[in-house]
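Topology and contacts: notes
Here is how the chains run, residue by residue.
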Amino acid sequence: MAVARKAKARPTKAKKRNTKTKKKRNQKRKNTKVKVDPKELKKRQREQAKARQAFIQSLTPSLIVGVILGVIAAVAVDPKMGVVAGAAIPVLSLSLKYPRQAFWGFLMYLPLSGTVTYALGGSVVLQLAKDGIYLPALIGIWRSCRQMRIPFWASNALKPTLLILLTCSVMTLLSVNGMQQLKKPFPDDKSPLALGILGFKVFMGYIPIIFCTYHLIRSKKELLFATRITSVLAIVCCALAYVQYYFLLTGRCAGTDHLEGSGLFKASIDARCFVGGSLVWSPSQNMVRLPGTFVAPWQWAWFLISNAFFTYTTAFNDPSPLWRLIGLGAMGGIFMNAVISGQRIALALVPVVTVILLVLTGQVTNLKRFLPIALGLVLLLGGAAVLFPDVLQERIDSFTSRWAASPADEFIGEQFGFVLKKAQNNPFGAGLGRATNSARVFGRTTLIETWFPKVMWEVGFPGIAAFLAFVTVITITTFKAYRSVKEKNLRGIGASYWVFVLFISYQTYYYPLDVDPVAVYYWYAVGVLLRLPEIDRADRKQRLLEAEDDSEDLEADLTDDLEESANNGNSRRGAAKAAPG
């Protein structure tokens, strides 16, 4: 019995023409060279030379002044302070002149600031060094907006609640801290007004990062640069933190395990190892708290939690497969350090955050991307569990025992009860800075370890109401902004950043908005979200122009093909007529 063979489908003329046209168009693009007008080239060269000259003219006098001050400080105080003084003047000057580059530098310096601070002595001045980059950059961006006559505000929707919050804070600063300055309520108060000013800086000083980020990131290319550099910094910091852990594990750093009594359980700057600041390393007592590249262990914990959001963004939403792989590696580093750092909150929240992101951003249904990344994470975590089984079990035991001893809900309730009882005496709060640990140099402070009770303690009932209204408007406005985005990768970035904003806006355990890096990352993420719709519109416009160019090329190629076919037909007819009968 003969078996009929399935005839192979021949390509139609239209398919042949499309394939041929596509090849010709691609070849034309490869062969096409952008012709630059010699006058335009000379103009560019003159502008570059002028920019170099302006940079040298700005750098030279500030560098001379910096060197002079550095030498004086090195001789009079300390060689390390000489380095700081010598670098401060050029940094301030260049940050003011080149605010965009300075703001990028500020974001890159932030996760390494603790290491730099203690490498150069750990003075209070060094802890504020990042503000020496941030404030001139802020002023420079505001000035450039005025010169270009564009609004500095990223969104008019934020104005009313932000101004109300500002009014409440200034009222507390003047009426509470100001009165305390006239009649000091505590004998150990040095300057309640200075304490209030520093508290105001901590509470509201980084909110303008929203507007700086909005004007900093102007295109999809710059947005991808920002997400990618965040993942690279996460990898670098996690690698340095692992080296720190390895040095302590192998005995190259002593840690705190050789101490006695309470010294076994307190973070000490004397135990500093390789990077970062104070730490606890007492494995004999099942007590490990590592600071990574930051000043203190709890800052490192919140860096890991924040970067669980940011590295996820790169791993799932970057258009480049290579960068998605780098994002996966960064996620693996975050997971591993959540285990070895000894930070219970990081160990609990990093996996939970990842699961929440997978559900809320819809990546669970995107099997093409979800399965490879999930498999990679399983292999990484499985390898970590095999390599460090004792460490993992110790961290889990530490977390469960801490939760059993003091459940988070009971602890937060106790903090609220304490603050509400005291707040009845003064509805405008105890004064800005009164619960801010970094302001204790100017006066007495109270340790309140949860965010909303802390805000209520400092600025009272009007202040906490204004703050809640402000973050609620932020959450709603940024949700609308990212939901308006059409391009899938940008929409995925927006979804991840919005979940981060939602989480930080309403979580009350600890006070991450008071300390690095969340005090910066939160407002930065808000600025990115507010900018996304404009980036999306510009990207779609660019793709539309490219599509129009492609259609014009296609039309021209089809016209050429028709003319070529007509010429071939005429040639064949002429040859037929000329042939002998």
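Just above, that's the structure.
Calculation rules
Throughout this description, residue numbers start from 1 for each chain and increase along the sequence as written. With pLDDT at 70 or above as the cut-off, local features in this predicted model cover only qualifying residues; side-chain atom pairs require 80 or more to be listed or tallied, and sums for whole chains, interfaces and linings still use all residues. As a rule here, side-chain values come from all non-hydrogen atoms in the structure, and water together with hydrogens is ignored. By the criteria applied, helices consist of DSSP H or I runs no shorter than four residues and strands consist of E runs no shorter than two, each listed in order from the N terminus. Residue exposure (1.4 Å probe, protein chains only): buried if accessible area is under 20% of the type maximum, exposed if over 50%, otherwise partly exposed. By the convention used here, residues are in contact when the closest approach between their heavy atoms is within 4.5 Å. Note on areas: these come from Shrake-Rupley sampling with a 1.4 Å probe, and a residue is covered only by the protein chains present in the view. Criterion for a salt bridge: a side-chain nitrogen of Lys or Arg within 4 Å of a carboxyl oxygen of Asp or Glu. Note on geometry: axes are lines fitted to C-alpha atoms, helical ones only across the stretch in contact, with angles between N-to-C directions running from 0 to 180 degrees. For classification purposes, an angle smaller than 35 degrees is called roughly parallel, one larger than 145 roughly antiparallel, one from 65 to 115 roughly perpendicular, and anything else oblique. Each crossing gets its hand from how the near helix is turned against the far one by less than a right angle, where anticlockwise is left-handed and clockwise is right-handed. Under the scheme applied here, ten amino acids are nonpolar (Ala, Val, Leu, Ile, Met, Phe, Trp, Tyr, Cys and Pro), four are charged (Asp, Glu, Lys and Arg), and all others, including Gly, are polar. Helix span, as expected, comes to 1.5 Å for every residue beyond the first. Note on aromatic pairs: the rings of Phe, Tyr and Trp (six-membered ring only in Trp) are paired at centre separations within 6.5 Å, and the planes decide the class, stacked below 30 degrees, edge-to-face beyond 60, tilted for the rest. By the criterion adopted, a ring carries a charge over it if an Arg CZ or a Lys NZ lies within 6 Å of its centre and within 35 degrees of its normal. The definition of a polar contact used here is a pair of N or O atoms within 3.5 Å, where within protein one atom must be able to donate a hydrogen and the other to accept one, and adjacent residues in sequence count solely through side-chain atom pairs.

Details of the overall build of the protein
- Secondary structure assignment for the protein yields 20 helices and two strands.
- Looking at the protein as a whole, 45% of its 581 residues are labelled buried.
- Put simply, of all contacts in the protein between residues at least 6 apart along the chain, 76% involve residues at least 24 apart.
- Summed over all atoms, the accessible surface of the protein reaches about 30700 Å², with 64% contributed by carbon and sulfur.

Description of the pattern of salt bridges
- A full pass over the atoms with the stated rule returns 12 salt bridges.
- A salt bridge links Arg100 to Glu222; the shortest N-O distance between them is 3.1 Å. In this pair, Arg100 sits in helix 4 (residues 99-109) while Glu222 sits in helix 11 (residues 220-250), placing the two residues 122 residues apart along the sequence.
- Among the residues examined, Glu222 registers a relative accessible area of 18% and is labelled buried.
- Where Asp318 meets Arg228, a salt bridge forms, and the shortest distance between an N and an O atom there is 2.8 Å. Here Asp318, found in the loop between helix 12 (297-317) and helix 13 (321-340), pairs with Arg228, found in helix 11; they are 90 residues apart in sequence, far enough to count as distant.

Let's talk about the packing of helix 18 (residues 451-483) against helix 19 (residues 488-506)
- Here helix 18 crosses helix 19 at 165°, and the two axes come no closer than 9 Å. By the criterion of interaxial angle, the relationship of helix 18 to helix 19 is roughly antiparallel. Like other packed secondary-structure pairs, helix 18 and helix 19 cross with a definite hand, here left-handed. Residues Phe452, Val471, Thr472, Ile474, Thr475, Thr478, Phe479, Tyr482 and Arg483 of helix 18 touch helix 19, and the partners they reach there are Arg491, Gly494, Ala495, Trp498, Val501, Leu502, Ser505 and Tyr506.
- Here the residues of the contact of helix 18 with helix 19 sort into 10 nonpolar, five polar and two charged.

Comments concerning helix 8 (residues 159-182)
- Across its 24 residues, helix 8 extends 33 Å between first and last C-alpha, which sits within 8% of the 34 Å expected from 1.5 Å per residue.
- Along helix 8, the residues classified as buried are Thr161, Leu162, Leu165, Cys168, Ser169, Thr172, Leu173, Val176, Asn177, Gly178 and Gln180.
- Structurally, helix 8 contributes buried residues whose contacts are with helix 9 (192-204), helix 10 (209-216) and helix 18.

Regarding the packing of aromatic side chains
- Using the criterion set out here, one finds 34 aromatic pairs in the structure.
- Both rings, one in Tyr134 and one in Tyr206, keep their centres 5.2 Å apart while their planes meet at 50°; by these two values the pair is tilted. Taken together, the positions of Tyr134 in helix 7 (residues 131-147) and Tyr206 in the loop between helix 9 and helix 10 put the pair 72 residues apart, joining distant regions of the chain. Here Tyr134 matches Tyr206 in class, with each residue buried.
- Among the aromatic residues, ring-to-ring pairing joins Trp298, Trp302, Phe309, Phe310, Tyr497, Phe500, Phe503, Tyr510, Tyr511, Tyr521 and Tyr524 into one connected group.
- Positioned over the ring face of Tyr98 is Lys97, at 5.9 Å from the centre of the ring.
- If you follow Arg531 out to its NZ or CZ, it ends over the ring of Tyr214, 4.6 Å from the centre.

Regarding the side chain of Gln180
- Looking at the secondary structure, you find Gln180 in helix 8.
- Within the local environment of Gln180, its side chain forms a polar contact with the backbone oxygen of Ala430, the two atoms lying 2.9 Å apart.
- A polar side-chain atom of Gln180 sits 2.9 Å from a polar atom in the side chain of Arg434.
- Leaving out residues up to four positions away in the same chain, Gln180 has contacts with Pro185, Pro192, Ala430 and Arg434.

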